[in-house]
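Analysis of the macromolecular model
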Amino acid sequence: MAVPNLPGPGDRFSRPHYPRRMPGMPATPSPTRFAYLGPEGTFTEAALSRAITAPEGRRDPHPSVASALAAVRSGDADAAVVPLENSVEGSVPATMDGLVDGAPLVITREVFLEVAFVLAVRPGTTLADITSVASHPHALAQTAMRLAALLPGVDPLPATSTAAAAAAVAAGEVDAAVCAGIAATRYGLQSLADDVADHAGAVTRFVLVSRPAPLPARTGNDKTSLVAVVADRTGALLELLEEFAVRDISLTRIESRPTRQRLGVYSFSLDCEGHVADPRVGAALAALHRICDDVRFLGSYPRADGRQNRPVRPDSSDEAFAEAEGWLARVRAGDA
Ligand SMILES: O=C(O)C(=O)Cc1ccccc1
């Protein structure tokens, strides 16, 4: 089964087609160029600041997640920070699909940010003046009840980001934006209401993404992300899950996405505990490569949600794998 925008059969994951470094070009371009979902004042920019504490590096705002990821693929950026999922609204489809469509990219870091929203307007505007309000769809979803109470009868408008909505307010294109307090300040707006989220403490997960390169080292508390297209047969998803279960690998997220090929064909996007360098995780991924129609590895990186990976059963430990490998080698050598 072919997957749209993924390399076709015979080219399964995957022959990257990034621009090659030309002779004479410097080996390491500097400074590091980071792309992010902009404009200035987005939560994604705040996540970038959290991910990259070093002051050096260029930060380029992009109008969409797709544009930020395209910049990494084309070599215009070295890495991108994009929102991946939210504790209230679930995954960000543009990111989920953007990681899979096109040349391979890998997650090298995850960042969790508690997001708080304000209702921002041009100075002097009152609640009664507001006839339009805009924001990123995830922000609108997380503030729907408060907005309905504050602005009855006003239909929220989607914007490419919370800061783009704030900029649109400053430009007089809409009356109000749901955005970060810092975006309100950045665009000369004032807040008519703070903390307009329906659920306090909502957390958004952002990821730092780059072109495939040597993986971040194992820390002992890592996560691995991948997307698998299961075969179109009974029990295919169960088979996929079994490869994790038999090796005592805990999944931290799994969701289905349409492959956009035809109705009924889905890929499964998942995160599991562990690093691909862990023998049990490597073995599970190799098994998926055998049994699934396609597997895209999306990275192994340090776990950053403040939780600790569960202890692994002794029979799935690194030591058990190494001991079993040694035993098999002896059997094959006629030395058992
Ligand atoms: O629009 C932004 O500011 C973003 O960074 C995307 C987003 C939107 C809503 C919650 C978290 C992130």
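Procedures and definitions
- Residues numbered from 1 in each chain as written.
- Predicted model: local features only at pLDDT ≥ 70, side-chain atom pairs only at ≥ 80, totals over all residues.
- Heavy atoms only, no water.
- Helix = DSSP H or I, 4+ residues; strand = E, 2+ residues; numbered from the N terminus.
- Buried < 20%, exposed > 50% of the residue type's maximum accessible area, 1.4 Å probe, protein only.
- Polar contact = N/O pair within 3.5 Å; in protein donor to acceptor, adjacent residues only side chain to side chain.
- Contact = heavy atoms within 4.5 Å.
- pLDDT = per-residue confidence, 0-100.

Let's talk about the side chain of T204
On the secondary structure map, T204 appears in strand 11 (residues 203–210). A relative accessible area of 8% places T204 in the buried class. Of note is the side chain of T204, whose polar atom sits 2.6 Å from the side chain of N86. Other than its neighbours up to four places away in sequence, T204 contacts P83, E85, N86, V111, F112, L113 and V115.

So, unusual backbone geometry
With the exception of glycine, the majority of residues adopt a negative phi angle, and the majority of peptide bonds are in the trans configuration. Following G38, the chain continues into P39 via a peptide bond in cis, with omega recorded as 0°. Phi angles above zero are rare outside glycine, and D195 is one such case at about 50°. With respect to the helices, strands and loops of the structure, D195 is situated in the loop between strand 10 (190–193) and strand 11. Of note in this structure, D248 is not a glycine but carries a positive phi near 60°. Residue placement: D248 occurs in the loop between helix 8 (236–245) and strand 13 (251–258). Residue classification places D248 among the buried positions, given a relative accessible area of 16%.

Thoughts on the confidence of the model for the protein
The pLDDT averaged across the protein works out to 90; a share of 91% of its residues lies at or above 70. With pLDDT under 50 throughout, residues 1–21 is counted as low confidence; its partners more than four residues away or in other chains account for 44 contacts. Among the prediction metrics, the complex's ipTM stands at 0.98, with pTM recorded as 0.88.

Structural notes on the environment of R59
By the secondary structure assignment, R59 is in strand 2 (residues 58–62). A C-alpha to C-alpha distance of 9.9 Å links R59 and G38, two positions 21 residues apart in sequence. Aside from chain neighbours lying at most four places away, what touches R59 is F34, Y36, L48, S49, I52 and A54. Separated by 3.0 Å, the side chains of R59 and S49 make a polar contact. Polar contacts involving the side chain of R59 include one to the main-chain carbonyl oxygen of I52, which spans 3.4 Å.

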